[in-house]
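The residues making up each chain are set out below.
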Amino acid sequence: MAINCQKGPSPMAIKEIIMEDCLFCKIIKGEIPSSKVYEDDEILAFKDIAPAAPVHILVIPKKHIKSLVELEKEDEALIGKIYTVINKIAKEQGVSESGYRVIVNCGKDAGQEVMHLHFHLLAGTQFGEKIV
């Protein structure tokens with residue numbers, strides 16, 4: 001079940017899922033500070049606090065979606081918009097020409113640590129061997 005972190009869960013959603021402990025929902029609500037690089041009504045992007053590259057930005061939907069597994073048909077436009085925002089940020093950061101990597105971890109076995117869908121924009125260095 002997905003909920004909008006800004007508005008908070010409906011009473012029905014509270015019974016099914018609790019977002020109080022979601023780190024990214026707290027960042028969206030302003031309860032935890034972040035170094036924002038982009039924000040609109042649906043998306044927030046901010047610098048990772050433990051960067052794995054010179055440019056490491058997290059791009060998240062404000063709607064709480066646990067992972068890719070929870071995407072629904074209604075989320076298609078939002079995910080497309082996230083990729084458009086990633087391209088915009090890459091241009092603003094000066095890495096669109098040299099290249100960048102976008103990573104989405106899905107689930108604990110893949111390395112997802114925060115259970116709120118997020119996209120890692122990594123750039124500013126030449127990366128090593130590709131996984132695929």
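About the criteria used
Residues numbered from 1 in each chain as written. Predicted model: local features only at pLDDT ≥ 70, side-chain atom pairs only at ≥ 80, totals over all residues. Heavy atoms only, no water. Helix = DSSP H or I, 4+ residues; strand = E, 2+ residues; numbered from the N terminus. Buried < 20%, exposed > 50% of the residue type's maximum accessible area, 1.4 Å probe, protein only. Polar contact = N/O pair within 3.5 Å; in protein donor to acceptor, adjacent residues only side chain to side chain. Salt bridge = Lys/Arg side-chain N within 4 Å of Asp/Glu carboxyl O. Core = buried A, V, L, I, M, F, W, Y, C linked by side-chain atoms within 4.5 Å. Contact = heavy atoms within 4.5 Å. Phe/Tyr/Trp six-rings, centres within 6.5 Å; stacked < 30°, edge-to-face > 60°. pLDDT = per-residue confidence, 0-100. 1 Å grid on protein atoms, 1.4 Å probe; cavity = no way out; pocket = protein on both sides within 12 Å on 5 of 7 lines; lining within 4 Å. Points joined across faces, edges and corners; volume = space filled by probe spheres on them.

Okay, the side chain of His64 next. Structurally, His64 is set in strand β5 (residues 63–64). For His64, a relative accessible area of 2% puts it in the buried group. Of note is the side chain of His64, whose polar atom sits 2.9 Å from the side chain of His116.

Moving on to the pattern of salt bridges. Summed over all chains, the structure comprises eight salt bridges. Between Lys81 and Asp40 there is a salt bridge, with its nearest N and O atoms 3.0 Å apart. Residue Lys81 is found in helix α3 (residues 76–92), and its partner Asp40 is found in the loop between β2 (36–39) and β3 (43–47); the two are separated by 41 residues along the sequence. Residue classification places Asp40 among the buried positions, given a relative accessible area of 17%.

Our focus in this paragraph is the nonpolar core. The tendency in soluble globular proteins is for nonpolar side chains to be buried side by side. Formed by 19 residues in total, the largest nonpolar core has its most connected members in Ile43, Ile57, Val59, Ile82, Ile89 and Phe119. When residues of this core are assigned to their parent elements, the largest contribution, seven residues, is made by α3. Excluding its chain neighbours within four sequence positions, the residues that come into contact with Phe119 are Ile57, Leu58, Val59, Ile79, Ile82, Tyr83, Ile86, Val102, Ile103 and Val104.

Throughout the structure, instances matching the rule amount to two aromatic pairs. On the basis of an interplanar angle of 75° and a centroid distance of 5.6 Å, the ring pair of Phe24 and Phe46 is categorised as edge-to-face. Pair noted here: Phe24 is in helix α2 (residues 23–29) and Phe46 is in strand β3, with a separation of 22 residues, a long-range link. Judged by its relative accessible area of 3%, Phe24 falls in the buried class. When its relative accessible area of 4% is taken as the criterion, Phe46 is described as buried. Relative to Phe119, the ring of Tyr83 has its centre 5.5 Å away and its plane inclined at 85°; by these criteria the two rings are edge-to-face. With Tyr83 in helix α3 and Phe119 in strand β7 (residues 119–123), the pair connects residues that are 36 residues apart, well separated along the chain. Accessibility expressed as a relative area gives 38% for Tyr83, which makes it partly exposed. When its relative accessible area of 1% is taken as the criterion, Phe119 is described as buried.

Among the secondary structure elements, Val59 is positioned in strand β4 (residues 55–61). Apart from residues lying up to four places away in sequence, Val59 is in contact with Ile43, Leu44, Ala45, Ile82, Val85, Ile86, Ile89, His118 and Phe119.

Residues at a pLDDT of 70 or more form 86% of the protein, whose mean pLDDT is 88. Here residues 11–18 scores under 50 on pLDDT; set against residues more than four positions off or in separate chains, the count is six contacts.

For the rest of this paragraph, the subject is the layout of surface pockets. One number sums up the size of the largest pocket: a volume of about 330 Å³. The wall of the largest pocket is formed by 19 residues, among which Leu23, Phe24, Asp48, Leu58 and Val114 lie closest to the centre. Where the lining of the largest pocket is concerned, the elements lending two or more residues are α2, β3 and β4. In terms of residues, the lining of the largest pocket owes the most to one element, α2, which gives three residues. In this structure, the second largest pocket encloses a volume near 180 Å³. If you trace the second largest pocket, you find it lined by Arg101, Val102, Ile103, Lys130, Ile131 and Val132.

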